[in-house]
Amino acid sequence: MAITGSSSAPKLGGGARWSALYGVGMLLVFTGERLIGAGSGRGIATLLGLMAVLAALIMRVSRMQRAASDRREAERTLVKLYALGIFALLLYFIQSDVPTLRGGKALEHSWPKLATALAALWPAIWLAAAWPITLVEMAYAQMARAPRIEVGRIKDAMLSGIGLACALVFAFTVTYVTSERDVKFDLAYFRTTRPGESTRAIVRHLDQPIDVSVFFPSANEVREEVMNYFNDLQKESGQMKLGTYDYDIAPVKAKELGVSGNGIIVVSRGGRKEQLGIPLQIEQARGPLRILDKEVQQRLLMVIKPNRVTFIVQGHGERNYETAQETDKRSGIKDLRDVLIDQGHDVRYLGAAEGLAADVPKDASLLLVLGPQKPFSAEETASINRWMDKGGKMLMALDPEAGLDMKDILTPFALKYHPVMLANDQAFARRTHTDSDRANLVTSQFSVHQSVTDLQKMGGRAPLIMPTAGWLEPIKDRPKDMSVDAPITASYQTFEDKNGNFQPDPGEDRRAWELGAAVSKKDARLFVLTDSDCLSDAVIRFGGNSLLAIDVVRWLLNEEVFAGLIASETDVPISHTRKQDQFWFYSTIFLAPAIVLGLGFVVTKRTRRKKTKASGPPPVVSPQGGQP
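Residues numbered from 1 in each chain as written. Predicted model: local features only at pLDDT ≥ 70, side-chain atom pairs only at ≥ 80, totals over all residues. Heavy atoms only, no water.

1. Focus on the packing of aromatic side chains
Moving on, step 1. Inspection of every chain in the model, using the stated rule, returns 8 aromatic pairs.
Moving on, step 2. Aromatic side chains F527 and W555 sit 6.4 Å apart centroid to centroid with 70° between the ring planes, which places their arrangement in the edge-to-face category. Here the residue F527 occupies a position in strand β18 (residues 524–529), and W555 occupies one in helix α17 (residues 545–556), the gap between them amounting to 28 residues.
Moving on, step 3. For F527, a relative accessible area of 0% puts it in the buried group.
Moving on, step 4. Using a relative accessible area of 3% as the deciding quantity, one classes W555 as buried.
Moving on, step 5. Chaining the aromatic ring pairs together yields one cluster made of Y92, F93 and W122.
Moving on, step 6. One cation-aromatic arrangement involves K521 over F413; the distance from NZ or CZ to the ring centre is 5.2 Å. (Phe/Tyr/Trp six-rings, centres within 6.5 Å; stacked < 30°, edge-to-face > 60°. Helix = DSSP H or I, 4+ residues; strand = E, 2+ residues; numbered from the N terminus. Buried < 20%, exposed > 50% of the residue type's maximum accessible area, 1.4 Å probe, protein only. Lys NZ or Arg CZ within 6 Å of the ring centre and 35° of its normal.)

Put into structure tokens, the structure is as follows:
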């Protein structure tokens, strides 16, 4: 019996290209609405996407009308799925900010609950259309050359796609509920910190012997953890002498060092002694052991380099480490002060009441000028300039909002500060999810300079966050004995936002602006930052901002040899830029499943091909219905 087609209507081929066009259209809409998000680029991408989606729908309807009865059923299924996807787009536009582009109000202002419901509903509907379209096209392609379409397979593929979409929606829902019910359990593996690069460098450069005395009972779990740390650190230098004692067995040594019990570590040199206490029970000691390296380094620096006095200039609206002022709502610098104390600094205020107008105190090791809002008096400027001429060290962080260029201090160091806010529409840190976030610059552009040693090592793993920064311009005509470097620059997409609308308008050039400058002039050293927010409590915990503070202070005080990271086993907050958030979000939602599906497709094809080769060619049916 001869096998022939059951329909006289023409067969339709190449229908998958319209689904491909439909997918490209959806991708363009997504690019315009979710990736570009603003400006003419958004409108162009969205309109092109909508046109592509509608064109695909029209062509599908045309194919459905011309197809044979069995193929018409498959085409009708795809048309319905296309329409469902377009309905999802309609729901998206209703709850989006599109009405505001024409001067109207967003739905969330008049019907906030409805807007929230639509925002959750449209992705679910879109998935319920997208997955079935994909699976139906795959099933359809398998039967492209068949004389008759198996409608049952088409329906099965559609139901499978809907089931897969429901599973994804369920997974999203569970993720959302668990994030709202944010209950945390600490299941982290406990580990005592090990000596960090910086602590090792300090011990390696010891020029005199230093004694470390550890007081613990002989059979103690915490003692083993502490001794592992110090035995490792002792390998760096023979100048470090390590002794272990039990308070009950060595009372004379304990009295000599002023120790009142076990669980005490004493770092001493000459007549100077610094103590560090750690609980004897491992459960209570886990926290201190995680930050042991930081605590040990602090004691080492207090013994090796005592008398480092850092003055923070006050009296001109500068940031301070006290509670917030009524007239100044900016974030303080308490965390910065803690970082300095950890590095062995004695931190004090310096203003007119402390004699700044007359002279900088003789015991000053470092001067910090952080975010002044008012200009300095002529006497104060002259006092600072005299101190710098004598080899002073100063860190100055300015803000474009204050409009101060501090030229009386910066010009002698061949620098010019431009208090004009910079912005970046490509790489920035999100905070309010508005256009103003574009002023939160994020950069990992660091040169090879000793003032950014650790930042340069970390690179993109510890980017610097600088909210509302201005920019610096090195003056070319300067003395030969003066060295001016720009170790921190913005990413090349950054533009000078002269009108403050956070948009890259004509005349607002893009380039890698200088965000920091390091100047050496004989014995004097000056480091200038174009934004003081980066050292404030609100930002310094994120990215590489705390590393910047440590690096710069070490360079200013000629302590570059101590450069290196401080080891810590404590959890630290992770900060992502908008681009990084997008990458992780979309790679986990789309890329990872796509890779799994792609591998599955390849494996399935190879398996079928092997089976086909193993079974040989299919039998040939003769016109008379028998075997040849």
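2. Thoughts on the sheet that holds strand β3 (residues 264–269)
Moving on, step 1. An order of β2-β1-β3-β4 is seen for the 4 strands of this open sheet, with the pairing classed as mixed. The strands lining the two open edges of the sheet, one partner per strand, are β2 (240–245) and β4 (272–277). With strand direction ignored, the average angle separating the axes of adjacent strands in the sheet is 15°.
Moving on, step 2. Taken strand by strand, helix α12 (residues 292–304) contacts β1 (210–215), β3 and β4, and its axis lies near 165° from that of β4. (Pairing = 2+ DSSP bridges. Axes fitted to C-alpha atoms, helices over the stretch in contact; angles between N-to-C directions. Contact = heavy atoms within 4.5 Å.)

3. Comments concerning the pattern of salt bridges
Moving on, step 1. Evaluation of the coordinates by the stated rule reveals 25 salt bridges.
Moving on, step 2. Close ionic contact of D338 with K334 constitutes a salt bridge, the shortest N to O distance being 3.5 Å. Of this pair, D338 and K334 both sit in helix α13 (residues 334–342), 4 residues apart, which is roughly one turn of that helix.
Moving on, step 3. Taking relative accessible area as the criterion, D338 reaches 26% and is therefore assigned partly exposed.
Moving on, step 4. Two residues, R554 and D454, come together in a salt bridge whose shortest N-O distance is 3.9 Å. With R554 in helix α17 and D454 in helix α16 (residues 453–458), this residue pair connects regions lying 100 residues apart in the sequence. (Salt bridge = Lys/Arg side-chain N within 4 Å of Asp/Glu carboxyl O.)

4. Observations regarding the side chain of Q314
Moving on, step 1. Within the secondary structure, Q314 is located in the loop between β5 (308–313) and α13.
Moving on, step 2. On the basis of relative accessible area, Q314 is assigned to the buried category, the value being 17%.
Moving on, step 3. Residues within four places of Q314 in sequence aside, it is in contact with R319, N320, Y349, L350 and G351.

5. Section: a positive patch on the surface
Moving on, step 1. Side chains of R153, K605, R606, R608, R609, K610, K611 and K613 sit close together on the surface and give a patch of like positive charge.
Moving on, step 2. No other element matches helix α18 (residues 578–615), which puts 7 residues into the positive patch.
Moving on, step 3. With respect to the element layout, R153 can be found in helix α7 (residues 151–180).
Moving on, step 4. Residue R153 is classed as partly exposed on the basis of its relative accessible area, which comes to 36%. (Patch = residues over 30% accessible without salt bridge, like charges linked within 9 Å, V, L, I, M, F, W, Y side chains within 5 Å. Areas by Shrake-Rupley, 256 points an atom, 1.4 Å probe, with all protein chains shown as cover. Lys, Arg positive; Asp, Glu negative; His and termini not counted. Charge placed at Lys NZ, Arg CZ, Asp CG, Glu CD.)

6. Focus on the nonpolar core
Moving on, step 1. Counting residues in each nonpolar core, the largest one holds 40 residues, and the members touching the most others are I488, F527, L529, L535 and L548.
Moving on, step 2. Of all the elements in the fold, those that place two or more residues in this core are α13, β7 (364–370), β8 (393–397), α16, β13 (464–467), β17 (514–521), β18 and α17.
Moving on, step 3. Sorting elements by how many residues they give to this core places α17 first, with 7 residues.
Moving on, step 4. When residues no more than four places from it in sequence are discounted, the contact partners of I488 are T443, Q445, F446, V452, L464, W513, E514, L515, G516, F527, L529 and L548.
Moving on, step 5. Ranked by size, the runner-up nonpolar core spans 32 residues in total, among them V360, A364, M396 and F413. (Core = buried A, V, L, I, M, F, W, Y, C linked by side-chain atoms within 4.5 Å.)

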